[in-house]
Amino acid sequence: MTPLVSVTFMLVAILLLLPNVLYTEQPVISHISNDVVANVGEDVQFNCTVENVGRMSVSWAKRSVVLSMRNILSLSDPRYTITETRDDVADNATYSLKITKIEASDMGPYECQVIVSATDKITKKLNLSIKHPPIISEERTPKSKLVTEGQNLEVSCYAEGFPQPIIYWKRE
């Protein structure tokens, strides 16, 4: 290969692989949904709006696992859907990730990602919390204590739930 052909080939490869470098304005995630608290079985939707989107790849991820790229899902769970609403005149797009009939395993951080280059991305996160009723930890909460009259008694109770349970004491 001649040096001129080699340089031309490299330039074409760079332009094809990194089209985003041609855009003068950097993309901006102008909106992402607030954190969500929901019950098991409910539907949730997360929205992410990107300004100056151009031909950038925008994805949703959960704990570093990519769930979608543009308007294509990368997982086969039928509860998940992705929609892309573009406004080419304003050069923005909103990417909506919907999860129907949420499960406890859906809980956690979700991230909207704009892939700027092979080594650079712009991100914003939100968190999905799933409500669940309080459960008293039987291993950590003693069922009974024996003390003699006049001694101090300290009683503890450990419970988990979301939102964090408030513990009340009642004497029977």
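Residues numbered from 1 in each chain as written. Predicted model: local features only at pLDDT ≥ 70, side-chain atom pairs only at ≥ 80, totals over all residues. Heavy atoms only, no water.

1. As for the side chain of R79
Okay, step 1: Tracing the chain through its elements places R79 in the loop between β7 (72-73) and β8 (80-87).
Okay, step 2: Of note is the side chain of R79, whose polar atom sits 3.2 Å from the backbone oxygen of K101.
Okay, step 3: Residues in contact with R79, not counting those within four places in the same chain, are K98, I99, T100, K101, I102, E103 and D106. (Helix = DSSP H or I, 4+ residues; strand = E, 2+ residues; numbered from the N terminus. Polar contact = N/O pair within 3.5 Å; in protein donor to acceptor, adjacent residues only side chain to side chain. Contact = heavy atoms within 4.5 Å.)

2. Examining the packing of aromatic side chains
Okay, step 1: All chains considered together, the criterion is met by 2 aromatic pairs.
Okay, step 2: Consider the rings of F46 and W60, whose centres lie 6.0 Å apart with planes at 45 degrees: the pair is tilted. Placement of F46 in strand β3 (residues 44-51) and of W60 in strand β4 (residues 57-62) is noted, with a sequence separation of 14 residues between them.
Okay, step 3: Note on F46: relative accessible area 0%, which makes it buried.
Okay, step 4: Judged by relative accessible area, which is 1%, W60 ranks as buried.
Okay, step 5: Judged by centre distance (4.9 Å) and plane angle (50 degrees), the ring pair of F46 and Y110 falls under tilted. Taken together, the positions of F46 in strand β3 and Y110 in strand β10 (residues 108-115) put the pair 64 residues apart, joining distant regions of the chain.
Okay, step 6: Here the aromatic residues F46, W60 and Y110 are joined through ring pairs into a cluster of three or more. (Phe/Tyr/Trp six-rings, centres within 6.5 Å; stacked < 30°, edge-to-face > 60°. Buried < 20%, exposed > 50% of the residue type's maximum accessible area, 1.4 Å probe, protein only.)

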